[in-house]
Amino acid sequence: METKVNNMQIDTRIVGDDAIKIAARDVQVYYGDTHAIKDVNVDILDKTVTAFIGPSGCGKSTFLRCLNRMNDTISIARIEGDIRIDGEDIYDRRVDPVQLRAKVGMVFQKPNPFPKSIYENVAYGPRIHGLARSKADLDVIVEQSLRRAALWDEVKDRLDAPGTGLSGGQQQRAVHRARGLQPATLEILLMDEPCSALDPIATAQVEELIDELRSNFSVVIVTHSMQQAARVSQKTAFFHLGHLVEFDETSKIFTNPEDPRTESYITGRIG
Amino acid sequence: MPLTISISIILIFIAVLAAVGFVLGRARALSVAKGTESSLHSLPKQHGWHVALSTAVPAFILIALWSIGSGIASNIYTNSIIDPTAPELQLPASVTDGLPEAEIEVRLAAQRDLFVASIKGLKAAIDGYIANGNATLADIERWRVDFAPLEARLREDGQIIAASVSQKMLDAALRLRSFDAAVALTGRIAAIVLSIAGFLAGLKLITRDFRARISVERWLIAFLIFASTIAVMTTVGILSAITFPTLAFFKEYGFFNFLFGMEWAPAGDVAGRPEGADGSYISALGFMPLIWGTLYIAFVALLVAVPLGLSAAIYLSEFAPSHARALVKPALEILAGIPTIVYGIFALVTVGPFLQAVVGTTIMPNTVSVVTAGVVMGMMLVPFVSSLSDDVINAVPQAMRDGSLGLGATPAETVTKVILPAALPGIVGAIVLAASRAIGETMIVVLAAGALSSVTGLEANPFGAVVTVTTRIVAVLLGEGSGFDSIDVLAVFALAFTLFFVTLGLNLLAQRIVAKYREQYD
Ligand SMILES: Nc1ncnc2c1ncn2[C@@H]1O[C@H](COP(=O)(O)OP(=O)(O)OP(=O)(O)O)[C@@H](O)[C@H]1O
Ligand SMILES: [Mg+2]
């Protein structure tokens with residue numbers, strides 16, 4: 001562990017503020033009898049993009065969901081260990097998960113549009129956070145958000161049509177851009193395979209967005225694309241069978257990994 | 001004495017032959033394979049099944065068809081052998097006098113049907129008498145000349161014969177008896193022959209390439225189709241059984257008089273009023289007061305059941321910790337398992353008096369009322385609504401909850417803004433199904449809605465007594481004084497018919513709503 005913390009310290013290339021945002025210690029997650037996350041220790045920095053990579057089913061989403069207590073919604077999930085955000089234990093009894101999630105936002109693997117119109121889908125977040133004072137305000141926010149997703153021209157004539165009518169990629173784009181308009185409380189953004197349904201152009205747009213977000217937020221992104229991890233992240237964590245095998249500078253992971261399992265994975269021999 | 005083979009022996013024979021066929025078929029398939037089972041197209045046991053099925057199925061089908069056909073044949077035969085000069089077929093001049101030609105025809109035909117029926121009855125009685133071991137056919141031949149002992153002995157043995165026996169009747173019955181016996185014997189021999197043929201053919205068909213598995217699957221599919229056809233035919237049967245009397249009623253009473261009539265006062269049910277061919281009292285059979293009472297109670301029931309059931313479902317699926325769920329779910333299931341008559345008693349002895357004590361006797365003169373029945377029916381429907389809603393709420397993808405919670409919404413916001421809108425079509429479907437149950441429900445309303453035998457107009461007071469469609473069906477059918485052919489009873493068929501369509505319509509509507517909902521999320 002110590003060596004890795006040292007590694008963080010020598011990174012002066014991109015990391016502007018090396019304050020530790022999230023500190024996880026000895027985290028275990030069980031789904032009933034399945035031990036899905038084993039002894040994970042990790043420090044995630046502020047104003048940094050951290051990528052989680054690893055073969056399917058290794059626990060990336062599970063660990064990500066621990067960071068804003070989304071696993072609370074799964075009745076069989078049990079979490080042990082200690083996760084602190086800004087030094088505060090997020091599993092403390094006094095922590096309100098709703099408030100926590102306003103601070104630690106999440107973009108899901110599946111875009112899951114709500115059973116509402118396209119307009120209402122985009123307006124959902126701003127509405128619950130009271131970002132708009134009037135209908136006109138909200139109209140502006142929705143239009144802005146869709147324009148930034150390059151979706152405005154595609155959907156402006158059917159804002160009242162159901163959100164489920166958008167294609168998978170359109171849904172993902174709409175969700176990400178709606179995320180771009182954050183409540184003032186947002187500090188950390190967790191993104192679970194945000195580009196899984198996107199074409200290369202839209203993917204590039206999302207990567208650009210992530211890059212922008214880095215100046216104000218701490219971003220964690222789960223991805224199956226090594227190229228993407230290499231392009232957008234400064235730190236990379238490699239998960240395997242529930243273990244955090246290696247966590248280091250992205251450049252180090254992809255050029256000179258320490259663990260043979262990491263090397264096998266990035267060269268395409270595991271997974 | 002003619003040769004008879006009892007049907008049970010035939011059935012046992014075929015079953016045993018089929019079992020033997022299975023064993024032999026499997027053995028033969030194995031020997032054809034010569035040790036390399038994989039060279040067979042189908043497994044040995046599938047060959048076995050194929051032999052067993054080709055032995056049994058055609059033979060059983062033949063037996064079934066034969067028994068239907070022989071009934072028809074014996075009818076035709078009896079009609080053909082009866083002597084038109086038989087005294088039972090004649091109408092006395094005193095009756096025919098003054099009747100129009102057509103009416104005489106009808107009566108003669110009825111007379112003839114009656115005679116045929118009594119011949120068949122006598123034949124059945126003789127069959128039973130012989131089967132009981134009381135006499136041989138020879139004995140009965142001897143009594144031919146003297147009916148008195150025959151008739152007396154048959155009755156003494158517990159056999160049922162309607163008419164008094166005559167020479168012509170007995171002649172016909174005995175001829176019919178040998179005809180039926182011959183037909184049955186032919187059928188049974190044919191069944192045996194067919195099963196043996198199927199057995200041999202099945203065995204002979206076994207080769208390496210014979211596709212026994214596919215054949216067996218076809219038999220299976222045919223059986224499944226047959227089984228589902230029976231369900232459909234039952235529905236059609238029920239429908240046609242109520243349709244014809246209903247049409248007869250509409251013709252007699254008038255469709256619009258029935259549908260929009262504001263008074264319900266069947267003659268047979270109104271004490272002291274004779275139902276008159278002489279016009280002294282004519283039934284008033286208007287549908288309006290009944291459907292009004294029915295819908296009024298159903299409305300009150302839904303007013304109770306929907307908020308309670310839906311809240312319970314939301315609590316259970318979204319908020320309840322597992323130990324609360326473990327307590328509440330079984331409790332709801334018990335509620336669902338209580339027989340409706342028990343709810344009815346509860347309404348009558350507990351809820352009704354309680355309501356009366358609360359609102360006073362000026363507003364609520366009786367303990368039975370719309371609210372009494374409605375509230376209790378609502379309680380009955382709570383588990384129904386909650387378990388259906390629970391299902392649809394649970395079917396809302398978890399991803400949708402996550403999406404909302406991940407955006408920082410509270411659980412309450414998530415329920416009202418995301419989950420309920422997503423589940424709404426399914427919930428509406430559940431409510432429509434509950435409405436359909438409320439409308440068809442009988443026991444609770446019989447006990448708790450009021451037992452007025454006649455009503456005029458629509459009762460607006462929710463604490464007043466009403467009549468409903470189902471209670472009137474029960475009352476008229478069990479009521480004294482109404483013959484089964486009276487117009488009151490025909491009206492009951494019309495009520496049943498209308499009720500059938502109302503609930504059918506509601507169920508179809510619910511199904512459509514639910515199906516639409518499925519499309520969205522599967
Ligand atoms: N709700 C759940 N209930 C039970 N087991 C679960 C649940 N969610 C995940 N798991 C199990 O936990 C393990 C880790 O799953 P997780 O979804 O975190 O994998 P992942 O790394 O995100 O995979 P992918 O790349 O395919 O998204 C898997 O073995 C999975 O089967
Ligand atoms: Mg995942």
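Coordinates for the structure precede this section.
Description of the overall build of chain B
In step 1: The secondary structure content of chain B amounts to 18 helices and 3 strands.
In step 2: Buried positions account for 43% of the 522 residues belonging to chain B.
In step 3: In chain B, of all internal contacts separated by at least 6 residues, the share reaching a separation of at least 24 is 76%.
In step 4: Counting every atom, chain B has about 26700 Å² of accessible surface; 68% of that belongs to carbon and sulfur.

Considerations on empty space enclosed by the protein
Residues and elements named next belong to chain B.
In step 1: On inspection of all chains with the given rule, the structure shows 2 cavities of 30 Å³ or more.
In step 2: Estimated volume of the second largest cavity: approximately 30 Å³.
In step 3: Around the second largest cavity, the lining residues are Thr 294, Ile 297, Ala 438, Ile 439, Glu 441, Val 445, Thr 468 and Thr 470.
In step 4: Every element with two or more residues in the lining of the second largest cavity is listed here: α10 (288-319) and α15 (411-440).
In step 5: Considering only residue class, the lining of the second largest cavity consists of 4 nonpolar, 3 polar and 1 charged.

Here we look at the packing of aromatic side chains
Residue and element names in this part refer to chain A.
In step 1: One pass over the full model with this rule turns up 18 aromatic pairs over all chains.
In step 2: For the ring pair Phe 52 and Phe 63, a centre distance of 5.7 Å and an interplane angle of 40 degrees mean the geometry is tilted. A residue pair is termed long-range when its members are at least 10 positions apart, and Phe 52 in strand β3 (residues 49-53) and Phe 63 in helix α2 (residues 60-66) qualify at 11 residues. Across the pair, Phe 63 and Phe 52 agree in class, each one buried.

Examining the layout of surface pockets
In step 1: Empty space within the largest pocket amounts to approximately 770 Å³.
In step 2: Around the largest pocket, the lining comprises 28 residues; the ones closest to its centre are Asp 72, Thr 73 and Ile 74 of chain A together with Ser 317 and Glu 318 of chain B.
In step 3: Listed by contribution, the elements that provide at least two residues to the lining of the largest pocket are β4 (77-85) and α3 (97-103) of chain A together with α10, α11 (322-337), α14 (398-406) and α15 of chain B.
In step 4: Each residue belonging to the lining of the largest pocket can be placed in one class, and the counts come to 14 nonpolar, 8 polar and 6 charged.

Digging into the packing of helix α4 (residues 118-128) of chain A against helix α5 (residues 135-148) of chain A
Residues and elements named next belong to chain A.
In step 1: Following both chains from N to C, one finds α4 and α5 inclined at 110 degrees, their axes separated by 9 Å at the closest point. Here α4 is positioned roughly perpendicular relative to α5, judged by the angle of their axes. The element α4 and its partner α5 pack so that their crossing is right-handed. Across the interface between the two elements, Tyr 119, Val 122, Ala 123, Pro 126 and Arg 127 of α4 pack against Lys 135, Leu 138, Asp 139, Ile 141, Val 142, Ser 145 and Leu 146 of α5.
In step 2: Split into classes, the residues belonging to the contact of α4 with α5 amount to 8 nonpolar, 1 polar and 3 charged.

Here is what the cut-offs are and how they apply
Residues numbered from 1 in each chain as written. Chains lettered and ligands numbered in written order. Predicted model: local features only at pLDDT ≥ 70, side-chain atom pairs only at ≥ 80, totals over all residues. Heavy atoms only, no water. Helix = DSSP H or I, 4+ residues; strand = E, 2+ residues; numbered from the N terminus. Buried < 20%, exposed > 50% of the residue type's maximum accessible area, 1.4 Å probe, protein only. Contact = heavy atoms within 4.5 Å. Areas by Shrake-Rupley, 256 points an atom, 1.4 Å probe, with all protein chains shown as cover. 1 Å grid on protein atoms, 1.4 Å probe; cavity = no way out; pocket = protein on both sides within 12 Å on 5 of 7 lines; lining within 4 Å. Points joined across faces, edges and corners; volume = space filled by probe spheres on them. Nonpolar A, V, L, I, M, F, W, Y, C, P; charged D, E, K, R; others polar. Phe/Tyr/Trp six-rings, centres within 6.5 Å; stacked < 30°, edge-to-face > 60°. Axes fitted to C-alpha atoms, helices over the stretch in contact; angles between N-to-C directions. Parallel < 35°, antiparallel > 145°, perpendicular 65-115°, else oblique. Left-handed = near helix turned anticlockwise from the far one by under 90°.

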